[in-house]
Amino acid sequence: MQRSALEDIRVIAPGVDDCAEVTSSSRWFALYTTSRHEKRIAQHLGQREIEHYLPLYRSDRKWRDGSRVTLDLPLFPGYIFVRIQRSQRVSVLSVPGALAVVGGTGGEPAPLPDGAIEALRTGLLEHRVEPHPLLRVGQLARIRAGAFAGMEGVVVRKKSGFRVVLTIDQIMQSVAVELDEEDVEPLTGEKSSSGGLLEIGHRLCVQGS
């Protein structure tokens, strides 16, 4: 019986001695944090000179009094990306609100693919990106141009253009990227390369506007 993606997700919590440590070379990992405190935790990481990245997106909100405000909110609520070496792991997990380093099968820390964070940074500058519910069904598709070129994901058709849903399997989170139709190619009959930007288990689901 095939295991679900959720069964492959584990976290490395403080005090677990038998878990494999991060190697001596710096790699990007997802840090699971207290929800709604991501910005404060990012400040603590900066004060400790720990390289980190908290991707944000802009959201327009309307208050009860009718006033409108634009907020910068975490793209992946409850997660911050950290680039750490083995010797820094204890320091990271000692930060208030830092709960665990996300791990994969076998309890080992699960690093993100090389170049993932830089590509994500560039992609946020080039496209409108926002959180999206996790999707895992449909036909395969690949982004053809821009910072996310070569990435595969779930595509949902809107009234104007497309939204490609990219999923980070390690943290079970998805984001939707707005693209032009010509920037997306279907992969009917092909298998996912699984070697893309965010190790995305990408599938395509096209819905009519």
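Residues numbered from 1 in each chain as written. Predicted model: local features only at pLDDT ≥ 70, side-chain atom pairs only at ≥ 80, totals over all residues. Heavy atoms only, no water.

A.B. asks: I'd like to hear about the overall build of the protein, residue by residue, with values.
C.D. replies: A tally of regular secondary structure across the protein gives three helices and 13 strands. Residues counted as buried form 41% of the 209 residues belonging to the protein. Summarising the internal contacts of the protein: among those between residues at least 6 apart in sequence, 72% fall at separations of at least 24. Looking at the protein as shown, the accessible area adds up to about 11500 Å², and 46% of this sits on carbon and sulfur atoms. (Helix = DSSP H or I, 4+ residues; strand = E, 2+ residues; numbered from the N terminus. Buried < 20%, exposed > 50% of the residue type's maximum accessible area, 1.4 Å probe, protein only. Contact = heavy atoms within 4.5 Å. Areas by Shrake-Rupley, 256 points an atom, 1.4 Å probe, with all protein chains shown as cover.)

A.B. asks: Give me the packing of aromatic side chains: which residues, what numbers.
C.D. replies: The final tally for this structure, using the stated rule, is two aromatic pairs. A ring pair is formed by Tyr32 and Tyr79, whose centres lie 5.4 Å apart and whose planes are at 40°; its orientation type is tilted. Of this pair, Tyr32 sits in strand β2 (residues 27-33) while Tyr79 sits in strand β6 (residues 79-84), placing them 47 residues apart in sequence. Given the relative accessible area of 13%, Tyr79 is considered buried. (Phe/Tyr/Trp six-rings, centres within 6.5 Å; stacked < 30°, edge-to-face > 60°.)

A.B. asks: How would you explain the pairing of strand β12 (residues 173-179) if you had to name every residue and give the values?
C.D. replies: Counting buried positions along β12 gives five out of seven residues, so the element sits mostly inside the fold. By the bridge criterion, four bridges tie strand β8 (residues 129-132) to β12 in an arrangement that is antiparallel. The residue of β12 that forms the bridge with Glu130 is Ala176. Note that strand β11 (residues 162-168) and β12 share seven bridges and pair antiparallel. Opposite Leu166, over in β12, you have Val175 as the bridge partner. (Pairing = 2+ DSSP bridges.)

A.B. asks: Summarise the confidence of the model for the protein; cite the residues concerned and give the values.
C.D. replies: Of the residues in the protein, 70% have a pLDDT of 70 or more, and the chain-wide mean is 75. Looking across the protein, the model is least confident in strand β1 (residues 10-12), with a mean pLDDT of 42, and most confident in helix α1 (residues 38-47), with 97. Residue range residues 1-23 is modelled with pLDDT below 50. Its contacts to residues more than four positions away, or to other chains, number 50 contacts. pLDDT under 50 marks residues 191-209. Its contacts with residues more than four places away, or in other chains, come to 72 contacts. (pLDDT = per-residue confidence, 0-100.)

A.B. asks: Mind laying out unusual backbone geometry, listing which residues take part and the relevant values?
C.D. replies: Located in the positive-phi region is Glu49, a residue other than glycine, with phi close to 60°. Relative to the assigned elements, Glu49 resides in the loop between α1 and β3 (52-53). In the Ramachandran plot, Met172 falls in the positive-phi region, its phi being about 55° despite a non-glycine side chain. Mapped onto the elements, Met172 comes out in the loop between β11 and β12. Take Met172: its relative accessible area is 23%, and that puts it in the partly exposed class.

A.B. asks: Can you lay out the side chain of Ser59 for me, pointing to particular residues and giving the numbers?
C.D. replies: By secondary structure assignment, the location of Ser59 is in strand β4 (residues 56-62). Polar contacts involving the side chain of Ser59 include one to the side chain of Arg61, which spans 2.9 Å. Beyond its immediate sequence surroundings of up to four residues, Ser59 is in contact with Val69, Thr70, Leu71 and Leu73. (Polar contact = N/O pair within 3.5 Å; in protein donor to acceptor, adjacent residues only side chain to side chain.)

A.B. asks: Pulling in residues and values, what's your account of the environment of Ala42?
C.D. replies: Along the chain, the position of Ala42 falls in helix α1. Using a relative accessible area of 10% as the deciding quantity, one classes Ala42 as buried. Apart from residues lying up to four places away in sequence, Ala42 is in contact with His52, Leu54 and Ile80.

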